[in-house]
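Below, each chain spelled out in residue letters.
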Amino acid sequence: MKYKYYITLILSFLIVYNAQSQSTAEDIVFKINVLTNASNNSISLNWNTLPNVNSYVVSRKLKYENNFTQIATKQYSDTNFLDNNIVQGLSYEYAVHAGHTNNISGYVCAGIHIAAKHHCGNILLVIDSAYILPAQAEINLFKRDLIKEGWKVLTCYAGRGELPQIVKLRIQNCHAADTLQGLILLGHVPVPYSGNIAPDAHTDHIGAWPSDIFYGDVNSLSSSWTDASVVNTTASSLRNHQLIGDGKFDESMVGYSNTKKIFVGRIDVSNMSAISNDDVMLFKQYINKNHQYRASEKKYRMRGLVHDNFGFYNGEAFAQNGWRNMTSLLGRDSVVAGDFMTDLKTDSYLWSYACGGGWYQGASGIGTTADFQTNELQSVFTMLYGSYFGDWDNSNNFLRAPIASPSSTLVTCWAG
């Protein structure tokens, strides 16, 4: 099986479907409860009924397999499945689909007596050289936290004015010496741009977008990344313009199976003056709240909140990403609808999701980047969706606002 991803997205779950008969994003998500039984080596699933769904297909695979195998079909009234073919120590992924379409679905991963993972492999920190001296203590703290979680931590440095190709060569050299499982870009490490795309579907936003996956493709530069064919200057922002030889790459999508990829994360709180002009302070703040979470100095309730300002929008239900992923992670009864800016100030939710009509610095019905300056929201992982702000390398970007803020948020992704 081959997988393809828009190269601009750090983490996204993109599903296209025909859902004319549903009315909310929840109506296309099977929320699955899981019960394991070690005494008889079984896993049981139970899910909800949905409008206009008359039957169900249950499929299963081992966690690291590529393809699901159908193992059961169920009629409308039978929302339970018992799997007695279980080996303790293995992780299984289950999919429940509507009998008439794969677009109405739910997924969960489960197992019995799964061993803890004590050795995660090698991870590279690519550190913004502007932080080496003023944030040395915080960088060392971040390293120690990763080591405690089982990583062997390697480091290299990058100047903000360097070419992404030069930074990538350092990454490739590290990978050649010590095979990497992933890398984290600490700070405003040079941002690669690529493609001729507009995932938010705006004609004034077509062109090159930030593409950190360039760093995660550890093959040679000549393998798939070119700057020789795309010309497009229609976007309203010069950042997105594409010209031959301008240093922005041509590729809009990259194949997954044909090259070695490693995961990439970025902690970039620069150019966020609506919160603070001092990005060194914001970086230190982030590392310290990251430590508080990893060391369990702060605890959060195992539940999720969804704030959906789109519903079904031209046949698409963007908030399905919140419902589908959070119910799988937290449990069917632990995810609720609510108000992002209001409810997260008064109570804690490990996960949150919000979507609304967007611009670079905000989303309708949710808020703006400036709202994060003083509001402390109690959510560690969040998904946000709206137009424009998924193109995150701009001043006071809304997608980066939660991680730059004093809020608890450590991870934010553009998911719709």
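Everything numeric in this text was worked out from a predicted model, so none of it was measured.

**Thoughts on the nonpolar core**
Looking at soluble globular proteins, one finds that nonpolar side chains tend to be buried together. Within the largest apolar cluster, 89 residues are counted, with the highest numbers of intra-cluster contacts made by Phe-30, Trp-47, Tyr-94, Phe-283, Phe-340 and Tyr-353. Sort the elements by how many residues they give to this core and strand 18 (residues 349–355) lands first, with six residues. Counting residues in each nonpolar core, the second largest holds 20 residues, with Val-126, Cys-156, Val-218 and Val-264 among its members.

**Here we look at the sheet that holds strand 20 (residues 362–363)**
Strand order in the open sheet made by the three strands is 19-20-21, with antiparallel pairing throughout. Every other strand in the sheet has two partners, leaving strand 19 (358–359) and strand 21 (367–368) as the edge strands with one partner each. The pairing of strand 20 with strand 21 spans two bridges and is classified as antiparallel. Bridged to Ala-363 within strand 21 is Gly-367.

**Quick look at the packing of helix 1 (residues 136–148) against helix 4 (residues 279–294)**
Following both chains from N to C, one finds helix 1 and helix 4 inclined at 25°, their axes separated by 9 Å at the closest point. With respect to helix 4, the axis of helix 1 lies roughly parallel. Read as a crossing pair, helix 1 and helix 4 show a hand that is left-handed. In contact with Glu-138, Ile-139, Leu-141, Phe-142, Asp-145 and Leu-146 of helix 1, helix 4 contributes Phe-283, Lys-284, Ile-287, Asn-288, Asn-290, His-291 and Arg-294.

**Details of helix 5 (residues 320–330)**
Burial of helix 5 is extensive: nine of the eleven residues sit out of reach of the surface. For helix 5, the set of buried residues is Gln-320, Asn-321, Gly-322, Trp-323, Arg-324, Asn-325, Met-326, Thr-327 and Leu-330. Residues of helix 5 that are buried in the fold lie against strand 8 (101–111), strand 16 (304–308), strand 17 (335–337), strand 18 and strand 22 (379–385). Looking at the residues trailing helix 5, positive phi occurs at Gly-331, about 110°.

**Describing the packing of aromatic side chains**
Tallied over the entire structure, the rule returns 19 aromatic pairs. Ring centres of Phe-214 and Trp-225 lie 5.2 Å apart, and the angle between their planes is 85°; on these two criteria the pair is classed as edge-to-face. Here Phe-214 is found in helix 3 (residues 213–216), whereas its partner Trp-225 is found in the loop between helix 3 and strand 14 (253–255), with eleven residues between them in sequence. For Trp-225, a relative accessible area of 6% corresponds to the buried category. Grouped by ring-pair contacts, the aromatic residues Trp-209, Phe-310, Phe-318, Tyr-385 and Trp-414 constitute a single cluster. The positively charged end of Lys-168 is found above the aromatic ring belonging to Phe-214, 4.2 Å away from the centroid. Over the ring of Tyr-193 we find Lys-248, and its NZ or CZ is 5.8 Å from the ring centre.

Cut-offs and rules
- Residues numbered from 1 in each chain as written.
- Predicted model: local features only at pLDDT ≥ 70, side-chain atom pairs only at ≥ 80, totals over all residues.
- Heavy atoms only, no water.
- Core = buried A, V, L, I, M, F, W, Y, C linked by side-chain atoms within 4.5 Å.
- Buried < 20%, exposed > 50% of the residue type's maximum accessible area, 1.4 Å probe, protein only.
- Helix = DSSP H or I, 4+ residues; strand = E, 2+ residues; numbered from the N terminus.
- Pairing = 2+ DSSP bridges.
- Axes fitted to C-alpha atoms, helices over the stretch in contact; angles between N-to-C directions.
- Parallel < 35°, antiparallel > 145°, perpendicular 65-115°, else oblique.
- Left-handed = near helix turned anticlockwise from the far one by under 90°.
- Contact = heavy atoms within 4.5 Å.
- Phe/Tyr/Trp six-rings, centres within 6.5 Å; stacked < 30°, edge-to-face > 60°.
- Lys NZ or Arg CZ within 6 Å of the ring centre and 35° of its normal.

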